[in-house]
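Spelled out from the first residue to the last, the chains are:
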Amino acid sequence: MTDSKYFTTTKKGEIFELKAELNSDKKEKKKEAVKKVIASMTVGKDVSALFPDVVNCMQTDNLELKKLVYLYLMNYAKSQPDMAIMAVNTFVKDCEDPNPLIRALAVRTMGCIRVDKITEYLCEPLRKCLKDEDPYVRKTAAVCVAKLHDINAQLVEDQGFLDTLKDLISDSNPMVVANAVAALSEIAESHPSSNLLDLNPQSINKLLTALNECTEWGQIFILDCLANYTPKDDREAQSICERVTPRLSHANSAVVLSAVKVLMKFMEMLSKDLDYYGTLLKKLAPPLVTLLSAEPELQYVALRNINLIVQKRPEILKHEMKVFFVKYNDPIYVKLEKLDIMIRLASQANIAQVLAELKEYATEVDVDFVRKAVRAIGRCAIKVEQSAERCVSTLLDLIQTKVNYVVQEAIVVIKDIFRKYPNKYESVIATLCENLDSLDEPEARAAMIWIVGEYAERIDNADELLESFLEGFHDESTQVQLQLLTAIVKLFLKKPTETQELVQQVLSLATQDSDNPDLRDRGYIYWRLLSTDPVAAKEVVLAEKPLISEETDLIEPTLLDELICYIGTLASVYHKPPSAFVEGGRGVVHKSLPPRTASNESTESPETAPAGAPTGEQPDVIPTQGDLLGDLLNLDLGPPVSGPPLTTSSVQMGAVDLLGGGLDSLMGDEPEGIGDTNFGAPPPAAPARVGAPIGSGLSDLFDLTSGVGTLSGSYVPPKAVWLPAMKAKGLEISGTFTRQVGSISMDLQLTNKALQVMTDFAIQFNRNSFGLAPAAPLQVHAPLSPNQTVEISLPLNTVGSVMKMDPLNNLQVAVKNNIDIFYFSTLYPLHILFVEDGKMDRQMFLATWKDIPNENEAQFQIRDCSLNAEAVSTKLQSSNIFTIAKRNVEGQDMLYQSLKLTNGIWVLAELRIQPGNPSFMLSLKCRAPEVSQHVYQAYETILKN
């Protein structure tokens, strides 16, 4: 029988009845009564009146009953301190019980009764338990000392319990050692001045011995304790590191982070010339990477810690950039944190990879994420000088998308790039000026005004542009007003004759009409400068500006050192020292890394130079374009942005530049004069223009008929029987897949061949290669009677979970009705995933074809097809395979074609047709060669039907 009977409703005189039962002679009745009392206590009823009767039940050998009574005691001892003293004798007696479980239970409960009157009576039993022969009792007693210290610190010190605790550090049982360390650490935190944990090489050795054998939480206590120790020299530091390193492979992430904390701290004492130092760096990377495969909340904590580690020692993770690439199903807080770390790890070796990723992210749908991605491109330019040109070009591509918030973020970061590289990229100003009207955010407006003022001599109509801002001067934010004032003064000093009226107007607005003290003060300073000494004004206002630093958001070094000592705690997640968020400052100790030993002052070897520092030789491995793809269908595959109608799938896929034409190809038309710049990178330079379907970017995201697909829809295969009636208790399912105007659907025919009515239909897909999932429930509006057939069109989208299937186009389906659940699998034709914006620009096609490695090319023969080139092109276009160019070579028609899958993979094709010959040769090139076979099957299906 369950315990629910104890929670039944109150009866009249229940307390009286319970009292009688508690005093019963029958053991069973007594136990039942105590259970009822605990049940009443649990639901919040006051049963403190039964205190003496419950305490009487303590005198029992039954462990279960004893536990219940102790539970009651812990709850009511505070409100009934006088009564609680009655229990003391039993505690003393239980602490000498032959059963170690009862001894431990007694000492644990003693620690939880927070009543001053009782504590002194508990010292004697506690002293016995600390020296008990059973380790289980000793480890429980160790924790009890910490609890007692919290209630009455003086008593614990007078009774000599702290010395006994210190002796327990040398105990033979690892769990006792761990609990003793935990108790001493707890006490030491509340009394920072007391040197309780007097660690020396001997005690450290004992802790390291216990470390291998205790439970995971015991290991954390010991590791945290080790982190507070300062080794006497680098040899001792290395010895400790060697013994702590195995903890990095622990399954518990808290153990891993505590081990990382110890190693990061002691690495300060190791010379960078040591072989062991390099080995340790290599060992630290895998556990940190493994933490990123946990659930999102743990990932976030790991990423916040990794952010600190990367700032302190970027060399640890410099080759692990790929694990920080964002997955489509990461929550936003994980995405933003990964983005931050990507920038910190960006270096000349991996910048192409990083930029390809960031460009993908800039076409996402999450606005905050897109903004941060655009900012990140700017940060890359400032951090890695060699990439600046590509970054600027990428930002210009993004500006061409005309997506408002993307444009505004791009302008803000381009301003910083101008500050970092003066007189280098000013040719793009014309493009920026075209977007003046769309700026509505203060930061973007201020950045644009700064650019116009700073480069006024290069902009013919600078005065008109600034005047247009001046019209709504009082409605602007302070940031924009200040920037506008400075920009117009700069303009006046550069073109005094044309802008006298303008400068007077702005000075009068700033000084006489404004009530903002900052603005007024700046206005008066400029006014006096200009009226007394124009030459001095020029020197002040047009002075050369200092270059901006590479990374402005680095944590200040001393704070960083302190936070490294708090890895694995809240401080490392907040990136604030504990003193900033722990109230009252109790237990807050300022920690710092140990000082470096003399031998450490040697210069850094190129091996360990921080990311981004130029070294004498090239980095070991720059991944080739082929490697960047990773596994075609791992979970990094993102789905399209929204439900079924969307065709502009903005997907990130590992590190792939899906278009292949260098980074500069992804988003829209480039401005004149940018196309032929040399990006200084091995892949072929990007062409000057990109086809409209790609360039349309997010601006036409919700235009369902956009793109170049024809409205006739792609080829629809005839329905086939997917689930025979024999296998589904009379339910027969036939179906096919269609794609019409960007929407995918599964057209089903349900036939009831049973003798009973079928209702309550539902459908579910298993995870599959392209994330196909129902976009709506399966709706069968009326019950399906015997011998009745119903036709249903089920809309699909591609935002489901992704898992690589074999074969790639396999779809496993479960259909439920009132009779049972039935399972079947079917192969969907790949052409339903060919999207409407799959037409690539000619130059882009050429660059991408060259860029994809030759080993990715697959050749197929299509037999028995008697169509001519024109008919082939038309037929394929209706299924979103687009002909980009056609030429005739030695009597053969060559069609060059492109298509794009919903997950953003591009496939390029060359189709050779010999007039009069029914066999065609098809060559396919793709960064994900796994899809080629299925694309060939799609070609064959479309052309032969």
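Throughout what follows, the structure given in this document is the object of discussion. Bear in mind the structure is a predicted one, so any value in this text is a computation, not a measurement.

Structural notes on the pairing of strand β7 (residues 810-816)
In terms of burial, β7 is largely enclosed, as five of its seven residues are buried. Pairing of strand β4 (residues 762-765) with β7 involves four bridges; the strand directions are antiparallel. For F765, the partnering residue across the bridge sits in β7 and is V813. Sheet topology note: the β7/strand β8 (residues 821-827) ladder contains seven bridges and is antiparallel. Among the inter-strand pairings, Q812 is bridged to a residue of β8, identified as S825. The hairpin formed by β7 and β8 contains four residues between the paired strands.

A word on the nonpolar core
Among the nonpolar cores identified, the biggest contains 216 residues, and Y72, L126, V244, L358 and F418 are the most heavily contacted of them. When near neighbours in sequence (up to four residues on either side) are disregarded, L126 contacts V107, M110, A141, C144, V145, L148 and F161. Formed by 63 residues, the second largest nonpolar core is a distinct cluster that contains A728, F761, F765 and I832.

Things to note about the pattern of salt bridges
On inspection of all chains with the given rule, the structure shows 35 salt bridges. Salt-bridge contacts for D132 lead to R103; the nearest nitrogen and oxygen are separated by 2.7 Å. Residue D132 is located in the loop between α8 (116-130) and α9 (135-151), and its partner R103 is located in helix α7 (residues 100-112); the two are separated by 29 residues in the primary sequence. Like D132, the residue R103 is buried in the burial classification. With its nearest N and O atoms 2.9 Å apart, the salt bridge here joins R138 to D171. Remark: D171 occurs in the loop between α11 (161-168) and α12 (174-190) and R138 occurs in helix α9; sequence separation between them is 33 residues. Neither residue differs from the other here; R138 and D171 are each classed as buried. Linked by salt bridges that have partners in common, R371, R375, E409, E441 and E443 make up one network.

Things to note about the packing of aromatic side chains
Counting across every chain of the model gives 11 aromatic pairs. Judged by centre distance (5.5 Å) and plane angle (85 degrees), the ring pair of Y300 and Y333 falls under edge-to-face. Remark: Y333 occurs in helix α19 (residues 332-345) and Y300 occurs in helix α18 (residues 296-312); sequence separation between them is 33 residues. Since its relative accessible area comes to 24%, Y300 is described here as partly exposed. A ring pair is formed by F845 and Y896, whose centres lie 6.2 Å apart and whose planes are at 70 degrees; its orientation type is edge-to-face. Taken together, the residues span a long stretch of sequence, with F845 in helix α35 (residues 842-851) and Y896 in strand β11 (residues 892-900) at a distance of 51 residues. Accessibility expressed as a relative area gives 12% for Y896, which makes it buried.

A closer look at α35
M844, F845, A847, T848, W849 and D851 are the residues of α35 that are buried. Its side-chain oxygen at 3.2 Å from the backbone nitrogen of Q843, D841 defines the N-terminal cap of α35.

What about the sheet that holds β8?
Spatially, the three strands line up as an open sheet ordered β4-β7-β8, and their pairing is antiparallel. Strands at the two margins of the open sheet, each flanked by one partner only, are β4 and β8. On average, each strand axis in the sheet is tilted by 25 degrees relative to the strand beside it, whichever way the strands run.

Rules used throughout
Residues numbered from 1 in each chain as written. Predicted model: local features only at pLDDT ≥ 70, side-chain atom pairs only at ≥ 80, totals over all residues. Heavy atoms only, no water. Buried < 20%, exposed > 50% of the residue type's maximum accessible area, 1.4 Å probe, protein only. Helix = DSSP H or I, 4+ residues; strand = E, 2+ residues; numbered from the N terminus. Pairing = 2+ DSSP bridges. Core = buried A, V, L, I, M, F, W, Y, C linked by side-chain atoms within 4.5 Å. Contact = heavy atoms within 4.5 Å. Salt bridge = Lys/Arg side-chain N within 4 Å of Asp/Glu carboxyl O. Phe/Tyr/Trp six-rings, centres within 6.5 Å; stacked < 30°, edge-to-face > 60°. Polar contact = N/O pair within 3.5 Å; in protein donor to acceptor, adjacent residues only side chain to side chain. Axes fitted to C-alpha atoms, helices over the stretch in contact; angles between N-to-C directions.

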